[in-house]
Amino acid sequence: MTDAVRTPRRRVTLLHTGGTAGMVRGPDGAYAPRAGALATALARLPELADPRLPEVRLDELEVLLDSSDVRPADWRVFANRVAAAFVAGADGVVVLHGTDTMAYTASALAFLLEGLPGPVVLTGAQVPLVEVRSDARDNLITSLLLAATPGWAEVGVYLGGALLRGCRTTKVSTDGFDAFASPNLPPLADVGVDVAWRRELLRPPASGTLRVQPLADVDVVALRLFPGITAETLRNVLRDPVRGLVLETYGSGNAPTRDPALLAVLREAVARGVVVVNVTQCLRGSVRMGTYAAGRTLAAAGVVSGGDLTAEAALAKLLVLLSRGGTPAEVAAALAGDLTGERTPEATA
Ligand code: ASP
C-alpha cells in the first residue's frame, strides 16, 4: 500500500448501502441489515484510528438493503450520495454493498458518474464484520486505502485480493472470498503483500465537472436464450412498455434460426423502437455476429452487438442510454461504442 501510506490523511467517505458486511443475525438466525450496527462494529476496529489510513466519514443510507433488493432507483440515490461526498471534499469513496448485485451497481455507477475526480471502490463481504472469521475487515481496510490512493478515478470493485474495473465484473462464487471475476480485462491491481497496479489500465481523474447522468424509469429486460425458447415467450417478454432487451445468446452471439417466428418477433420489436443488445452467455470472449449464419440473422434483424460487455454492464448501459432520451438508432450507436472502459474497442462485431 505504498502510495496510500505516503498520503495518510486523505479523506474517504464510506457509503453504507447494506449487504452482508454490515449485517447482524436476527432472532431467526438469518443475517439482515440493521441501522447503526456497522458504526458499532467500526468503533471496535483499532485500525481505523491509525494515521496511515484515511480519515473516514460514514454515510449510512436511511434504509439498508440486502443487495437482492436494489433497484435502478437506488442506483440513482447511490450516485447522488457519491457525488455529494466528492463535492464535500472527499478524495475517494468506498461503497459498502451486498455482493449479489454488486456487479450491476458498479456498472450503473460507472455510467452514471461522469467526470469522476477520484476513485469509487465497491466492496462487501461474504461473512459479516461482527463475525470472528470475516473477510469484511480486510476488504474494508484495503478498499479505504485504495480509495485514498491518488492518480486514478473510476468505479472499481475490491474483494479478496483483486481490484477490478466495476463495469467489467460479474459475481462468480457464492462462497469464495474472491467472489468476483473480470473475465475480459485484467485486474486494475493485484493486492498481496504489495499493491501491484496495472497503471496502463487506470482511468485518470477527470478535469471537468462531476455530473450525475439522469436515470429514468425505463423498462428494460434481460433474457437468457435456452434451447426450445418459443416465439410466444419472446413476444411476452418484449411487450410494451419494454424499450430495451439484453439478449444473452450462445457462444459468439448466436441464436436459433430454425423458427422463423422467433426472428420475426425480434424484427418487429426492433422496428417499433426496442433496442436489442446481444451479449454472450460465455464468461470470456466477445460477440461476433458475423461468424455464423445463426449470428448473422440477428444482425440482420437489427440486433446490436454488445462485444465483450458483461450482461450486467449491458443492462446498466442500456438503461442509462435510454434515459438520455436519444432515438433508438442513437442508443444503438452509443451501445456499440466504449463510454467508460466497459468494452474492448477491437471486440466490436
Ligand atoms: N445477500 C447479500 C447481499 O447481496 C449477500 C452479500 O452481501 O454478499 O446483500
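Residues numbered from 1 in each chain as written. Predicted model: local features only at pLDDT ≥ 70, side-chain atom pairs only at ≥ 80, totals over all residues. Heavy atoms only, no water.

**Remarks on the site of the ligand**
Here is the rule we go by: A molecule or strand has a residue near it when one of that residue's heavy atoms lies within 4 Å. As used in this structure description, the phrase polar contact means that two N or O atoms lie within 3.5 Å; if the pair is within protein, one of them must be able to donate a hydrogen and the other to accept it, and residues adjacent in sequence are counted only when both atoms belong to side chains. Surface exposure here means Shrake-Rupley accessible area, sampled with a 1.4 Å probe, where a residue is shielded only by the protein chains that are shown.
The environment of the ligand is formed by G19, T20, D66, S67, G98, T99, D100 and A125. A distance of 2.4 Å is found between an oxygen atom of the ligand and a side-chain nitrogen or oxygen belonging to T99. Here a nitrogen atom of the ligand sits 2.8 Å away from a polar atom, N or O, in the side chain of D100. When the ligand is considered free in solution it has 260 Å² of accessible area, and contact with the protein chains removes 90% of it.

**Some points on the sheet that holds strand β1 (residues 11-18)**
For clarity, the threshold we go by: For two strands to pair, DSSP has to find at least two bridges joining them. Helix and strand definitions here come from DSSP, where helices need a minimum of 4 consecutive H or I residues and strands a minimum of 2 consecutive E residues; each element is numbered from the N-terminal end. Throughout, an axis means a line fitted to C-alpha atoms (over the contacting stretch in the case of helices), and angles, computed between N-to-C directions, take values from 0 to 180 degrees. Contacts are assigned to residue pairs that have any heavy atoms within 4.5 Å of one another.
Strand order across the open sheet formed by eight strands is β4-β1-β5-β7-β8-β9-β12-β13, with mixed pairing between neighbours. Edge positions in the sheet fall to β4 (55-65) and β13 (195-197), since each of these pairs with one other strand and no more. Taken pair by pair, the neighbouring strands of this sheet meet at an average axis angle of 20 degrees, ignoring direction. Here strand β8 (residues 155-159) pairs with strand β9 (residues 162-165) via four bridges, running antiparallel. The residue of β9 that forms the bridge with G156 is R165. The strands that helix α3 (residues 72-87) touches are β1, β4, β5 (92-96) and β7 (120-123); relative to β4, the one it contacts most, it runs at about 160 degrees. Across the sheet, helix α4 (residues 102-112) is in contact with β7 and β8; its angle to β8 comes to roughly 155 degrees.

**Topic: helix α5 (residues 136-147)**
What counts, and what does not: Helix span, as expected, comes to 1.5 Å for every residue beyond the first. Throughout, exposure labels follow a simple rule: accessible area from a 1.4 Å probe, protein chains only, divided by the maximum for the residue type, with under 20% read as buried, over 50% as exposed, and the rest as partly exposed.
Spanning twelve residues, α5 covers 16 Å between terminal C-alpha atoms, matching the ideal 16 Å at 1.5 Å per step. For α5, a buried count of ten out of twelve residues is recorded, marking the element as mostly surrounded by other parts of the structure. Looking at α5, one finds that the buried residues are A136, N139, L140, I141, T142, S143, L144, L145, L146 and A147.

**Overview of the pattern of salt bridges**
As a reminder, the rule being used: For this document, the term salt bridge refers to a Lys or Arg side-chain nitrogen within 4 Å of an Asp or Glu carboxyl oxygen.
One pass over the full model with this rule turns up 16 salt bridges. For R81, the salt bridge identified is with D59, shortest N-O distance 2.9 Å. Residue R81 is located in helix α3, and its partner D59 is located in strand β4; the two are separated by 22 residues in the primary sequence. Taking relative accessible area as the criterion, D59 reaches 13% and is therefore assigned buried. As a salt-bridge pair, E62 and R81 come within 3.1 Å of each other at their nearest N and O atoms.

**Digging into empty space enclosed by the protein**
Note the threshold: Site definitions follow a grid-based scheme: protein atoms alone, a 1 Å grid, a 1.4 Å probe that fits but cannot get out for cavities, and for pockets an open set with protein on both sides within 12 Å along at least five of seven lines, plus lining residues having an atom within 4 Å of a point. Grid points are joined across faces, edges and corners, and a volume is the space filled by probe spheres set on the points. In this classification, Asp, Glu, Lys and Arg are treated as charged, Ala, Val, Leu, Ile, Met, Phe, Trp, Tyr, Cys and Pro as nonpolar, and every other residue, Gly included, as polar.
Summed over the entire model, instances satisfying the criterion amount to one cavity of 30 Å³ or more. Empty space within the largest cavity amounts to approximately 40 Å³. Looking at the largest cavity, the residues that line it are L225, L234, L247, A255, P256, L262, L263, L266 and L298. Looking at which element gives the most residues to the lining of the largest cavity, the answer is helix α7 (residues 260-271), with three residues. Classifying every residue of the lining of the largest cavity gives nine nonpolar, no polar and no charged.

**Regarding the packing of α3 against α4**
For any two helices packed against each other, the geometry comes down to the angle between their axes and how far apart the axes lie. In plain terms, the rule: Roughly parallel means an angle under 35 degrees; roughly antiparallel, over 145; roughly perpendicular, 65 to 115; everything else is oblique. Working rule for handedness: look at the near helix, and if it is turned counterclockwise from the far one by less than a right angle, call the crossing left-handed; if clockwise, right-handed.
Two elements in contact, α3 and α4, have axes whose closest approach is 10 Å; the angle formed by their N-to-C orientations is 55 degrees. Taken as axis vectors, α3 and α4 run oblique relative to one another. Handedness of the α3/α4 crossing: right-handed. For the pair α3 and α4, the contacting residues are W75, F78 and A79 in the first and Y104, T105, A108, L109 and L112 in the second. Among the residues forming the contact of α3 with α4, the class breakdown is seven nonpolar, one polar and no charged.

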